[in-house]
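Architecture at a glance
As a plain string of letters, each chain reads:
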Amino acid sequence: MRPIQTVDLTTQYASIQKEMDGALLRAVRSGKYINGEEVTAFAQELAEYTGSKYIVPCANGTDALQIALMGLNLKPGDEVIVPAFTYAAAVEVVALLGLLPVVVDVETSTCNINPEKILDAVSPKTKAIIPVHLFGQTCDMGKILKMAKESGLYVIEDNAQSIGAIHTFQDGKQKQSGAMGAIGTLSFFPTKNLGCYGDGGAMMTDNEALAGRLKMITQHGQSSKYRHQIIGCNSRLDTLQAAILSVKLKHLSEYTTARRQVAAYYREHLRDLADKIELPSETPYSSHVYNQFTIRVKHQKRDLLQQHLKERNIPTTVYYPLPIHRQEAFRGIIRMGGNLSSAEELCGSVLSLPIHTELDQEQLEYIVKEVKAFFE
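Residues numbered from 1 in each chain as written. Predicted model: local features only at pLDDT ≥ 70, side-chain atom pairs only at ≥ 80, totals over all residues. Heavy atoms only, no water.

1. Focus on the packing of helix H4 (residues 61–71) against helix H8 (residues 208–218)
- Relative orientation of the contacting elements H4 and H8 amounts to 125°, with a least axis distance of 9 Å. Comparing their axes, H8 and H4 come out oblique. Between H4 and H8 lies a crossing of right-handed hand. Contacts from Ile67, Ala68, Met70 and Gly71 of H4 reach H8 at Leu210, Arg213, Leu214, Ile217 and Thr218. (Axes fitted to C-alpha atoms, helices over the stretch in contact; angles between N-to-C directions. Helix = DSSP H or I, 4+ residues; strand = E, 2+ residues; numbered from the N terminus. Parallel < 35°, antiparallel > 145°, perpendicular 65-115°, else oblique. Left-handed = near helix turned anticlockwise from the far one by under 90°. Contact = heavy atoms within 4.5 Å.)

So, in structure tokens, the structure goes:
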């Protein structure tokens, strides 16, 4: 049996080596390593895939979040609502810009921000909400967008983990994750469902003027060379990474299918452990693209299960061991928007099993066998 990895990018590369090598060679031979034709082509391809009118590439997913906030002209002291259970980036960029992160609780079942908690946290200073589409499915965007509209708030979707997920609204209309708010942000970190071979990111929007502003910000605030209209930064997706992403975008649907097949196997073979673990929920309003397969381990046995699997060469990850409000970096610079007990509970119980496009039957059987063996 091949060693089980959290993500097997080497084997994935081998399956598309001919396409990838050709794309990289063309990019290298072009000599245009910054803002080459591949960047423009990838942005157009991604717009078609997501249904967004405008794609603005940038250097990474964290930059995408920061530039999105900068593009909305928020002022120091303005409040931005963020989930308590997420990676630090969404909160970090709010703090870096002198804005106030307002941390609200999440749904235990989905790990996503709880719409019912958002409204209670809104104040006259609140200007935006950052729903993070965690682990592969969207937040309840019908409720979130309705609240945002009624309260006059911007919605910035953190779509780093859920590209390709489809959200279905009550009226039957469907939208891709990241394409519902004012701006959607993407990360192309190698472990993401659409990952490059380094860092990369992008922003999505249907607003032409906003897209132009975001693009200026990524290029030092320039409207044209050496004409700086606004304060910006230097955040570009380089040509080589764009070439890589163009190849992988063509395979994204099959990658999603492979992840869903792994998830289905886990569901079928672990469902008899319902009194010991809780499997990821699948909501009626969102498809699931399974960036992670995150279980909740009951009876405070998460760490023991993780150690058992580690000893048998099965890598697992805890996303996330500490909620945002308990991170030292954010002490004193956040406002807690109510009780955060669900985030606390999740941090003590979640465990992500291996899930990626290259897991084979033998590996899956071994993982399931060892999970069951622990409880037996």
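After that view, the rundown keeps rolling.
2. Describing the pattern of salt bridges
- Evaluation of the coordinates by the stated rule reveals 17 salt bridges.
- When the shortest N-O distance is used, the salt bridge between Lys143 and Glu116 registers 3.2 Å. You can see Lys143 sitting in helix H7 (residues 141–151) and its partner Glu116 sitting in helix H6 (residues 115–121), a full 27 residues away along the chain.
- Assessed through its relative accessible area of 41%, Lys143 is described here as partly exposed.
- By relative accessible area, Glu116 is classed as partly exposed at 49%.
- Arg267 is the salt-bridge partner of Glu282, the closest N and O atoms lying 3.6 Å from each other. With Glu282 in the loop between strand E12 (277–278) and strand E13 (293–297) and Arg267 in helix H10 (residues 252–270), this residue pair connects regions lying 15 residues apart in the sequence.
- The network of salt bridges with shared partners includes Glu311, Arg312, Lys369 and Glu370. (Salt bridge = Lys/Arg side-chain N within 4 Å of Asp/Glu carboxyl O. Buried < 20%, exposed > 50% of the residue type's maximum accessible area, 1.4 Å probe, protein only.)

3. Quick word on the pairing of strand E9 (residues 201–205)
- Extensive coverage of E9 is indicated by the burial of five of its five residues.
- Residues Gly201, Met203 and Thr205 point to one face of E9 and Ala202 and Met204 to the other, with burial holding for every one of them.
- Pairing geometry for strand E1 (residues 54–58) and E9, over five bridges, is antiparallel. Counted as the bridge partner of Val56 is Met203 from E9.
- Both strand E8 (residues 183–187) and E9 contribute to a ladder of four bridges, which runs antiparallel. Residue pairing across strands places Ser187 opposite Gly201, the latter belonging to E9. (Pairing = 2+ DSSP bridges.)

4. Observations regarding the packing of helix H3 (residues 37–50) against helix H9 (residues 239–250)
- Running from N to C, H3 and H9 cross one another at 35°; their axes reach a closest spacing of 8 Å. Crossing hand, H3 versus H9: left-handed. Contact residues: H3 offers Glu38, Val39, Phe42, Glu45, Leu46 and Tyr49, while H9 offers Thr239, Ala242, Ala243, Leu245, Ser246, Leu249 and Lys250.
- Here the contact of H3 with H9 is composed, by residue class, of eight nonpolar, two polar and three charged. (Nonpolar A, V, L, I, M, F, W, Y, C, P; charged D, E, K, R; others polar.)

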